[in-house]
Amino acid sequence: MARFTLDCFLESGNAYKAALMLELSGADWQARRVAFFNGQTRSSEFREMNIMGEVPVLTDDLGNRNLVLSQSGVILDYLAGELGRFGPTNELERREILRWLLWDNHKLTSYSATYRFMNRFQEKGEDPAAQFLLGRARSAWKVLDAHLEGRDFVVAGHPTIADLSLCGYLFWPEEIGMDLAAHPNIQAWLDRITALPGYKRPEELMPSGMDPETATA
């Protein structure tokens, strides 16, 4: 049995953040499918594990007890400490990582992911609410692209969990309404992430949250 179990599904960029961290770190881990599109996260069994009803959920088998964590930023921070990879090397980096994790959850992922859900899975991309989200997401992309000017990675000269958090949804540019050509610094940064040893796409790491007969593209 693997040490780490990640409750996840490949359509979730937040789950991808944790899965990518585990894979790049060479962790002993396994993915456990969550049938999100069948409502599993709303079930009483899932809510007992994570009252927030969200993925990812990480279980660390510590032998005599299990540690269960939710929220991708918390999971990334925990894994950086446990696995000794992609964490800060000093106090300044620690604060900068925290700053970008909070910004990602509040600004980048929140708008990009919610627009993507409405656009791809609900087919409501032209809805005024979706267009508002897209506008906010575009503002966040501009901030990130400007920050990456002259930088290889977000916080330091090496990748950290800030990079793994921020990139989660940006590998689906068409689905989030993003023109990567208009954000060359983001494109170059994503290329550097894909060049990391052990990098894999979401579909290589996690099962789909859709049943085969209902899955689309």
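Placed above this text is the structure.
Residues numbered from 1 in each chain as written. Predicted model: local features only at pLDDT ≥ 70, side-chain atom pairs only at ≥ 80, totals over all residues. Heavy atoms only, no water.

Engineer: How would you explain the state of the cysteines if you had to name every residue and give the values?
Structural biologist: Following the criterion strictly, the structure yields zero disulfides and no others. A disulfide-free cysteine, Cys8 has its sulfur positioned 15 Å from the sulfur of Cys167, the nearest such atom. Using a relative accessible area of 0% as the deciding quantity, one classes Cys8 as buried. (Disulfide = S-S within 2.5 Å. Buried < 20%, exposed > 50% of the residue type's maximum accessible area, 1.4 Å probe, protein only.)

Engineer: How would you sum up the packing of helix α4 (residues 91-121) against helix α5 (residues 128-147)? Please name residues and give values.
Structural biologist: At a minimum axis distance of 8 Å, the contact between α4 and α5 shows a crossing angle of 140°. With respect to α5, the axis of α4 lies oblique. Crossing of α4 over α5 shows left-handed handedness. Within the contact between the two elements, α4 uses Trp100, Trp103, Lys107, Leu108, Tyr111, Ser112, Thr114, Tyr115 and Met118 and α5 uses Ala129, Ala130, Gln131, Leu133, Leu134, Arg136, Ala137, Ala140, Trp141, Val143, Leu144 and His147. Its residues assigned to classes, the contact of α4 with α5 comprises 15 nonpolar, four polar and two charged. (Axes fitted to C-alpha atoms, helices over the stretch in contact; angles between N-to-C directions. Helix = DSSP H or I, 4+ residues; strand = E, 2+ residues; numbered from the N terminus. Parallel < 35°, antiparallel > 145°, perpendicular 65-115°, else oblique. Left-handed = near helix turned anticlockwise from the far one by under 90°. Contact = heavy atoms within 4.5 Å. Nonpolar A, V, L, I, M, F, W, Y, C, P; charged D, E, K, R; others polar.)

Engineer: Now, about the pairing of strand β3 (residues 57-61): what can you tell me, with residues and values included?
Structural biologist: The two faces of the sheet receive side chains in turn, since in a regular strand these alternate between them. Most of β3 is tucked away: four of the five residues are buried. Here strand β1 (residues 4-8) pairs with β3 via four bridges, running antiparallel. Bridge pairing in β3 links Phe4 to Asp60. Note that β3 and strand β4 (residues 66-70) share five bridges and pair antiparallel. Residue pairing for β4: Asp61 is matched across the bridge by Asn66. (Pairing = 2+ DSSP bridges.)

Engineer: Account for the pattern of salt bridges, naming residues and giving values.
Structural biologist: Enumeration over the complete set of coordinates arrives at 13 salt bridges. Of the charged contacts, one joins Asp60 and Arg3 as a salt bridge, the two residues approaching to 2.8 Å between their closest N and O atoms. You can see Asp60 sitting in strand β3 and its partner Arg3 sitting in the segment before β1, a full 57 residues away along the chain. The class for Arg3 is partly exposed, based on a relative accessible area of 28%. Among the salt bridges present, the one from Glu175 reaches Arg120, with a minimum N-O distance of 3.6 Å. You can see Glu175 sitting in helix α7 (residues 173-176) and its partner Arg120 sitting in helix α4, a full 55 residues away along the chain. Here Arg120 falls in the partly exposed class, since its relative accessible area comes to 22%. Within the structure, one salt-bridge network assembled from shared partners comprises Arg3, Asp60 and Glu82. (Salt bridge = Lys/Arg side-chain N within 4 Å of Asp/Glu carboxyl O.)

Engineer: Pulling in residues and values, what's your account of the environment of Gln187?
Structural biologist: By the secondary structure assignment, Gln187 is in helix α8 (residues 184-194). For the pair Gln187 and Phe171, spaced 16 residues apart in sequence, the C-alpha separation works out to 9.5 Å.

Engineer: Let's hear about the nonpolar core: which residues, and what values?
Structural biologist: With 65 residues, the main nonpolar core has Trp141, Leu144, Leu170, Ile186 and Trp189 as its most contacted residues. At the level of secondary structure, the elements contributing two or more residues to this core comprise β1, α1 (13-24), β3, α3 (72-83), α4, α5, α6 (161-166) and α8. With sequence-adjacent residues up to four places away left out, Trp141 is seen in contact with Leu108, Ser112, Leu134, Leu170, Ile176, Gly177, Met178, His183 and Ile186. (Core = buried A, V, L, I, M, F, W, Y, C linked by side-chain atoms within 4.5 Å.)

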